[in-house]
Amino acid sequence: MAIRYAGYLTLPGLICVLGLVAGCSNAQAKELGMGSDRGTSSDDALELWYTQPAKEWVEALPVGNGRLGAMVFGAPDKERLQFNEDTLWTGRPCDYLNPGAAECLPKVRKLLFEGKQKEAEKVAMGLMSKPIRQMAYQPFGDLRLHFPGHEQVGDYRRSLDIDAAIARVSYRVGDTTFRREVFSSAPDQVIVVRITADKPGAVAFTATMDSPHTEARTRAVGKDQLALTGKVKGHVLKFEARLRVGTDGGEAIVTDDGVTVKNADAATLTLAAATSYVNFQDVSGNPAARCDKTLAAIAGKDYAALRQAHVADHRGLFRRVAIDLGKTEAAEDPTDVRIKRFAERDDPALAALYFQYGRYLLIAASRPGCQPANLQGIWNDKLSPPWDSKWTTNINTEMNYWPAEMCNLSECHEPLFDMIDDLVVSGRKTAKVHYNCRGWVFHHNTDLWRGTAPINATNHGIWVTGGAWLCQHLWWRYAFTGDKDFLAKRAYPVMKEAALFFVDFLIEDPKTGRLISTPSNSPENGGLVAGPTMDHQIIRNLLGHCIEAGTVLGVDDDLRQKLTDIRARIAPNQIGRYGQLQEWLEDKDDPKSTHRHVSHLWALHPGCEITPRGTPKLAEACKVTLRHRGDGGTGWSMAWKVNFWTRLHDGQHAYKMLTNLISRSTLPNMFDTHPPFQIDGNFGGTSGITEMLLQSHTGRLDLLPALPKDWPTGSVKGLCARGGFEVGIEWKDGKLVAVTLLAKCGGTCKLRYGEKVVEFEAEPGKRYRLNGSLERT
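Note that the structure is predicted; figures quoted are calculated from it, not measured. (Residues numbered from 1 in each chain as written. Predicted model: local features only at pLDDT ≥ 70, side-chain atom pairs only at ≥ 80, totals over all residues. Heavy atoms only, no water.)

1. Some points on the overall build of the chain
Within the chain, the regular secondary structure consists of 19 helices and 33 strands. Over its C-alpha atoms the chain spans a radius of gyration of 27 Å, differing by no more than 12% from the 28 Å that the globule rule assigns to 777 residues. In terms of principal-axis extent, the alpha carbons of the chain reach across some 85 × 65 × 50 Å. Looking at the chain alone, contacts between residues at least 24 apart form 67% of all its contacts between residues at least 6 apart. Surface exposure of the chain reaches about 27200 Å², of which carbon and sulfur atoms provide 50%. One finds the centroid of the 94 positive side-chain charges in the chain at a distance of 2 Å from the centroid of its 91 negative side-chain charges. (Helix = DSSP H or I, 4+ residues; strand = E, 2+ residues; numbered from the N terminus. Rg over C-alpha atoms; globule rule 2.2 N^0.38 Å. Contact = heavy atoms within 4.5 Å. Areas by Shrake-Rupley, 256 points an atom, 1.4 Å probe, with all protein chains shown as cover. Lys, Arg positive; Asp, Glu negative; His and termini not counted. Charge placed at Lys NZ, Arg CZ, Asp CG, Glu CD.)

As structure tokens, then:
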């Protein structure tokens, strides 16, 4: 099929892919410093590609190193790289406390017990933070490249190689082929752009930088650098970016207005960026000095060295997991076409690409020493982004990190743990000032300044279990790795303090005598209440993990007994009149509600209190609830439903939700859309695909627990399971063929496939292989 772009006839079938770029051989490409990375990979499906540039931001392709992100548009004549640095925010150090807030707590509780919800919500304004809203993540700037004479091109191709973490553009002007590569390097902390041509002296362009921040200005720094300097207007953070240019042949001229490159064989641009942020209490950093230091550190590295370090670093994480769900002719189409047609035709390779793209995004958005992935990861082009592009913790931030441990990216979890450490500091103050309780508490949002008090409105902002939910991630790190040192020094102290808050906060329900959480809400549904089901599930989970951690570490015997007694008294899960799992203490669920949050199924996923085999009646009640809520929703909502149905061992319904997620809520660049863009659904989708193939939350490794008929033959390797196991699975015609295990910790290994269960003692560091009958081979 022939496709026209800008007046030139192109034949996509002749465009070289996966190792050859626009007709250039591997040898020629290497000479240009842009060689393919496919030679060492057995998987040829790890690429997003398109036959046209991005017209909108949500069509551009993301690169990132955890701190610096860029969106690459790929226009031949006017390239745009919109970039971010993860500490550029509005605001200033702020504790968000409301002195005297705890005085109104008894009044709010009394009103809720009396059934006076609206009055309670008014009085509860005294519990809210000051200011009542938090701050916003900001765009940094744009790097713009102008290529005169490149308005009419042929053989255009734009791609993102997620195996190498490199965005590429190639096209032809006359008989000259031009290529660009863009990546964001974690080892060297710069964004790198390489521009080449297959004719000598053909590279010519201008480069400028600008910013949506009105106080930003550019200036020349020496002979080879352009600086973009500014400040967030009305706020405290300062910023600076430095663009350094180098050429192979030709010349580069830098002025205060920009960079001009003439008659070069190739050019390399390196972009460093920094802010004055030091930590959430200190904004005294020097962004110019930081940029100087970054560029000085790479002064002796050419493009090949920068690229090699970047690719090796990325692959050290990315290549831990490989997946094959099958392949059809649909895989030959551009990515945007495949997304549009996913619901209409068989394309298992797109599901596999979606899975790996989630892993790619987590690597790109969350690295040790950086901020955790926010609502948009690290990519944002708006001064007022949706929901401020903060960290929303009544589902979204946690969903971002569901794949971290089980998809073999444990290091990418670290920024979340760092943020939790900060939240403990501010959360202690909130616990004392707002509730007169010990320990620490955190509600449903935080920002760069680590606010932990309730924000926005009382009908959804007062939700006390955000910190308790985050503690689940600390426990997961231990459960998946067996790292007792981490448990003792980092996880347990935080979990213990979170538990102490609920020791003081839980109150007896005058009607039932049970302990309940109040005031709180079932996230964003039903207003301020006494005793939402989700709260009790999360609190039981937290207390249970604290009890288990204390047992493993041999500490706090008296506290463990106290937590055991309290946990037993918390209001239990209840089945309502429609057979549904109740969302509240009262049986008042609306069977016609299709609300995006299904918070009261937390115990099914990501919790483990409800399971089909362990609590079959509650599991059936979850099915009723899910049928009431329907198969629609926002992107993240559908992603969560994928995971719900996998936990119910219904692979076909899970696949239906995955199909809806990809076909209805996935943008051309494969970003999830809320709408608008919100990255959590990408990570939730990756998690759901993982749990179709492997689950380990019940104390055993369940193999292919929710395999859909749509993936009859396939394999996966490198997934991680609780107990410290790395797992590979092969299946054919819908049946298990083999499973491989690496026992990182050793100990008892329990496996289930269908109704068959085996158990054996695994030695640390030893590999095991079992056949489809779970017999060791």
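Back to the write-up after that little detour.
2. Considerations on the side chain of H697
Looking at the secondary structure, you find H697 in the loop between β26 (694–695) and β27 (701–703). Residue class for H697 comes out buried when judged on its relative accessible area of 12%. A polar contact is formed between the side chain of H697 and the side chain of R647, at a distance of 3.4 Å. With near-sequence residues (within four places) excluded, H697 lies in contact with C608, T611, R647 and R722. (Buried < 20%, exposed > 50% of the residue type's maximum accessible area, 1.4 Å probe, protein only. Polar contact = N/O pair within 3.5 Å; in protein donor to acceptor, adjacent residues only side chain to side chain.)

3. Considerations on helix α12 (residues 466–481)
Given 3.6 residues per turn, any residue in an α-helix points the same way as the ones three and four places further on. Across its 16 residues, α12 extends 24 Å between first and last C-alpha, which sits within 8% of the 22 Å expected from 1.5 Å per residue. Most of α12 is tucked away, with 15 of its 16 residues classed as buried. (Expected span 1.5 Å × (residues − 1).)

4. Overview of the sheet that holds β27
Judged by pairing direction, the sheet is mixed, and its 4 strands sit side by side in the order β26-β27-β31-β32 without closing on themselves. Unpaired on one side and paired on the other, β26 and β32 (756–762) mark the two borders of the sheet. One ladder, built from 2 bridges, connects β27 with strand β31 (residues 747–753); its direction is parallel. Residue pairing across strands places D702 opposite R752, the latter belonging to β31. (Pairing = 2+ DSSP bridges.)

5. Details of the packing of α12 against helix α13 (residues 484–505)
Contact pair α12 / α13: the axes reach a minimum separation of 9 Å and the direction vectors enclose 160°. Between α12 and α13, the crossing angle belongs to the class labelled roughly antiparallel. Between α12 and α13 lies a crossing of left-handed hand. Along the contact surface, α12 presents A468, C471, L474, W475, R477 and Y478, while α13 presents K484, F486, L487, A491, V494, M495, A498 and F502. (Axes fitted to C-alpha atoms, helices over the stretch in contact; angles between N-to-C directions. Parallel < 35°, antiparallel > 145°, perpendicular 65-115°, else oblique. Left-handed = near helix turned anticlockwise from the far one by under 90°.)

6. Focus on the nonpolar core
Within the largest apolar cluster, 227 residues are counted, with the highest numbers of intra-cluster contacts made by F205, W379, Y435, W640, L658, L741 and L751. If sequence neighbours within four positions are ignored, F205 has contacts with L145, H146, F147, P148, I195, V259, T260, V261, A267 and L269. If you look at the next biggest cluster of nonpolar residues, it comprises 13 residues, including I166, A272, Y303 and L306. (Core = buried A, V, L, I, M, F, W, Y, C linked by side-chain atoms within 4.5 Å.)

7. Description of the pattern of salt bridges
Under the defined criterion, the tally for this structure stands at 53 salt bridges. With a closest N to O distance of 3.0 Å, E85 and R67 form a salt bridge. Residue E85 is located in strand β6 (residues 78–85), and its partner R67 is located in the loop between β4 (61–64) and β5 (68–72); the two are separated by 18 residues in the primary sequence. For the residue pair E85 and R67, the accessibility class agrees, reading buried in each case. (Salt bridge = Lys/Arg side-chain N within 4 Å of Asp/Glu carboxyl O.)

8. A closer look at the sheet that holds β4
Strand order in the open sheet made by the 7 strands is β4-β5-β6-β7-β12-β17-β16, with antiparallel pairing throughout. The open sheet is flanked by β4 and β16 (251–255), the only strands paired with a single partner. Taking each pair of neighbouring strands and ignoring which way they run, the sheet shows an average axis angle of 20°. Bridge count for β5 against β6 is 5 bridges, and the pairing is antiparallel. Residue pairing in the sheet places V72 in a bridge with L81 of β6.

9. A closer look at the confidence of the model for the chain
Interpretation of this model should avoid reading the predicted coordinates in detail wherever pLDDT is low. Of the residues in the chain, 94% reach a pLDDT of 70 or more, and the chain-wide mean stands at 94. Segment residues 38–43 is flagged for pLDDT under 50; beyond a separation of four residues in sequence, or across chains, it makes 12 contacts in the model. (pLDDT = per-residue confidence, 0-100.)

10. Considering the side chain of H600
If you trace the backbone, H600 turns up in the loop between α15 (557–569) and α16 (616–629). H600 sits in the buried class, given a relative accessible area of 1%. Separated by 3.5 Å, the side chain of H600 and the backbone oxygen of L581 make a polar contact. For H600, the residues in contact, after removing those within four places along its chain, are T533, M534, Q537, L581, Q582, E583, D589, T625 and R629.

11. Observations regarding the environment of Y354
In this structure, Y354 sits in helix α7 (residues 348–365). The exposure class of Y354 is buried, given its relative accessible area of 1%. Residue contacts for Y354: discarding those within four places in its chain leaves L661, I662, T666, M670, G681, N682, G685, T686 and I689.

12. Some points on α15
Between its terminal C-alpha atoms α15 stretches 19 Å, which fits the 18 Å expected from 13 residues at 1.5 Å a residue. Buried residues of α15: L559, R560, L563 and I566, and no others. In a view along the axis of α15, the buried residues occupy a sector of 130°, so they form one face of it. Away from its buried face, by an angle of more than 90 degrees, α15 presents the exposed residues D557, D558 and A568. Tucked into the core, α15 has its buried residues touching α13, β23 (515–516) and α14 (533–553). (Arc of directions from axis to C-beta.)

13. Regarding unusual backbone geometry
In the segment running from K130 into P131, the intervening peptide bond is cis, with an omega of -5°. Residue placement: P131 occurs in the loop between α3 (117–123) and β7 (141–146). Cis geometry is found at the peptide bond from H674 to P675, where omega equals 0°. Phi at H649 is positive, roughly 60°, even though this residue is not glycine. Within the element layout of this structure, H649 appears in the loop between α17 (635–647) and α18 (651–664). You will see that D733, though not glycine, has its phi angle at about 55°, which is positive. Along the chain, D733 falls in the loop between β29 (725–732) and β30 (735–743).

14. Here's the deal with the pairing of strand β12 (residues 203–210)
Of the two faces of β12, only the one carrying V203, F205, A207 and M209 is buried; A204, T206, T208 and D210 on the other face are not. When β7 meets β12, the two strands line up antiparallel, connected through 5 bridges. Counterpart to D142 in the pairing with β12 is D210. Across 4 bridges, the pairing between β12 and strand β17 (residues 258–264) is antiparallel. Residue pairing for β17: F205 is matched across the bridge by V261.

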